[in-house]
Amino acid sequence: GAGVSQSPSNKVTEKGKDVELRCDPISGHTALYWYRQSLGQGLEFLIYFQGNSAPDKSGLPSDRFSAERTGGSVSTLTIQRTQQEDSAVYLCASSLAGQGTYEQYFGPGTRLTVT
Amino acid sequence: AQSVTQLDSHVSVSEGTPVLLRCNYSSSYSPSLFWYVQHPNKGLQLLLKYTSAATLVKGINGFEAEFKKSETSFHLTKPSAHMSDAAEYFCVVIRSGGYQKVTFGIGTKLQVIP
């Protein structure tokens, strides 16, 4: 079946511009996560959506970062006024959390380069 | 509080020799534990998971891990390394039940020498 998909796969933007990254989770998965992976670093948790509950935004690094999940499915991560330190691979994952199964399935990521 | 410590940032083994990637965790709750692998320029793939059933967990590609509560460890092992095992490995703790809390280790890069 279809896995988690992300678009675009690569995004190059100029410093100061806004970007939107999209994630399509596996159908039926109630939980959706965004992570950031910088060169040589581990995964940095950004935000977590679980069903209709308020999202856990504790990992967002600044108020320039925001995310939405519409209709409990597709999610968009928005970075406003991008900075060079925002350059990283942004990963999305989904899971059946809350139904006894917690493994996350990851998308291929969006590589963001801020010039 | 919840944390994951991967004790080695880099591990180098010869092809055909055993692999040991170490992971220690800390959790106030009964955790679920996972190992993920990331090959160069590829996405993260689940290797194996522990969710309070058998303490010895077998995963894909000949990997296994043993959950040791007394040592708060979840080390990943493989009897014989293959060149295709060269990748980065992440140990992950997820707080079970209720609202989830996910913590990734910083990763261990495995190099396999021919």
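What you are looking at is a predicted structure, and each value in this text was computed from that prediction instead of being measured. (Residues numbered from 1 in each chain as written. Chains lettered and ligands numbered in written order. Predicted model: local features only at pLDDT ≥ 70, side-chain atom pairs only at ≥ 80, totals over all residues. Heavy atoms only, no water.)

A.B. asks: In this structure, what is going on with the overall build of chain B? I would like to understand it.
C.D. replies: Counting secondary structure elements, chain B contains zero helices and twelve strands. In chain B, the succession of helices and strands from N to C terminus is β-β-β-β-β-β-β-β-β-β-β-β. Buried residues in chain B amount to 43% of all 114 residues. Once local pairs closer than 6 in sequence are excluded, the contacts in chain B between residues at least 24 apart make up 56%. Accessible area of chain B: about 5,500 Å², with a carbon and sulfur share of 53%. Both charge centroids of chain B, one from 10 positive and one from 7 negative side chains, sit 9 Å from each other. (Helix = DSSP H or I, 4+ residues; strand = E, 2+ residues; numbered from the N terminus. Buried < 20%, exposed > 50% of the residue type's maximum accessible area, 1.4 Å probe, protein only. Contact = heavy atoms within 4.5 Å. Areas by Shrake-Rupley, 256 points an atom, 1.4 Å probe, with all protein chains shown as cover. Lys, Arg positive; Asp, Glu negative; His and termini not counted. Charge placed at Lys NZ, Arg CZ, Asp CG, Glu CD.)

A.B. asks: Is there a simple way to think about the interface of chain B and chain A in this case?
C.D. replies: Many authors give the size of an interface as the accessible area that is lost as the parts come together. Between chain B and chain A, the contact holds 19 residues from the first and 20 residues from the second. Roughly 1,600 Å² of surface becomes buried between chain B and chain A when both sides are summed, with 56% attributable to carbon and sulfur atoms. Remark: the boundary between chain B and chain A carries one salt bridge. Its salt-bridge partner being Glu103 of chain A, residue Lys49 of chain B comes within 2.8 Å of it at the nearest N-O pair. At the junction of chain B with chain A, the criterion picks out three residue pairs in polar contact (both at pLDDT 80 or more). (Buried area = accessible area lost by both parts, 1.4 Å probe. Salt bridge = Lys/Arg side-chain N within 4 Å of Asp/Glu carboxyl O. Polar contact = N/O pair within 3.5 Å; in protein donor to acceptor, adjacent residues only side chain to side chain.)

A.B. asks: Looking at this structure, I do not really get the environment of Gly43 of chain B. What am I missing?
C.D. replies: Mapped onto the elements of the fold, Gly43 of chain B is located in the loop between β5 (31-38) and β6 (44-50). By relative accessible area, which is 29% here, Gly43 of chain B ends up partly exposed. Aside from chain neighbours lying at most four places away, what touches Gly43 of chain B is Gly107 of chain A together with Val37 and Gln38 of chain B.

A.B. asks: Looking at this model, I keep getting lost on the side chain of Asp56 of chain A. Mind explaining?
C.D. replies: All names here are of chain A. Relative to the elements of secondary structure, Asp56 occurs in the loop between β5 (43-50) and β6 (65-69). With relative accessibility at 15%, the residue Asp56 sits in the buried group. Of note is the side chain of Asp56, whose polar atom sits 2.7 Å from the side chain of Ser58.

A.B. asks: How do you make sense of the state of the cysteines when you look at a structure like this?
C.D. replies: Think of a disulfide as a covalent bridge from one cysteine sulfur atom to another cysteine sulfur atom. On inspection of all chains with the given rule, the structure shows two disulfides over all chains. Paired through a disulfide, Cys23 of chain A and Cys92 of chain A show a sulfur-sulfur distance of 1.8 Å. Its S-S torsion of about -65° marks the bond between Cys23 of chain A and Cys92 of chain A as left-handed, since a negative value means left-handed. Placement of the pair is Cys23 of chain A in strand β3 (residues 19-24) and Cys92 of chain A in strand β8 (residues 88-95), with a sequence separation of 69 residues. A relative accessible area of 0% places Cys92 of chain A in the buried class. A sulfur-sulfur distance of 2.0 Å marks the disulfide that ties Cys23 of chain B to Cys91 of chain B. (Disulfide = S-S within 2.5 Å.)

A.B. asks: Would you explain the confidence of the model for chain B in this entry?
C.D. replies: In low-pLDDT segments, the atomic positions of the prediction should not be examined closely. For chain B, mean pLDDT is 91; residues scoring 70 or higher make up 96% of the total. Averaged over each element, pLDDT in chain B is lowest for strand β11 (residues 102-104) of chain B (88) and highest for strand β3 (residues 19-21) of chain B (98). (pLDDT = per-residue confidence, 0-100.)

A.B. asks: Just checking my understanding: could you explain the layout of surface pockets for this structure?
C.D. replies: By rolling a water-sized probe across the atoms, one finds the places where empty space is left. Roughly 690 Å³ of internal volume is contained in the largest pocket. As for the largest pocket, its lining consists of 31 residues, and the residues nearest its centre are Gln37 and Arg111 of chain A together with Gln38, Pro40 and Asn41 of chain B. Going through the elements one at a time, β8 and β10 (110-114) of chain A together with β2 (10-14), β10 (87-95) and β12 (108-113) of chain B are the ones with two or more residues in the lining of the largest pocket. Top contributing element to the lining of the largest pocket by residue count: β10 of chain A, with four residues. (1 Å grid on protein atoms, 1.4 Å probe; cavity = no way out; pocket = protein on both sides within 12 Å on 5 of 7 lines; lining within 4 Å. Points joined across faces, edges and corners; volume = space filled by probe spheres on them.)

A.B. asks: Looking at this model, I keep getting lost on the pairing of strand β7 (residues 75-79) of chain A. Mind explaining?
C.D. replies: Two faces, one strand: in a regular strand the side chains alternate between the faces of the sheet. Residue and element names in this part refer to chain A. Among the five residues that make up β7, four are buried, leaving the element largely enclosed by the rest of the structure. Relative to β7, β3 runs antiparallel, the two sharing five bridges. The residue of β7 that forms the bridge with Arg22 is Thr76. Pairing analysis gives five bridges linking β6 to β7, with the strands arranged antiparallel. Within β7, the position partnered with Glu68 by the bridge is Thr76. Counting the residues that bridge the hairpin from β6 to β7 gives five residues, and of these Gly71 lies at a positive phi of roughly 60°. (Pairing = 2+ DSSP bridges.)

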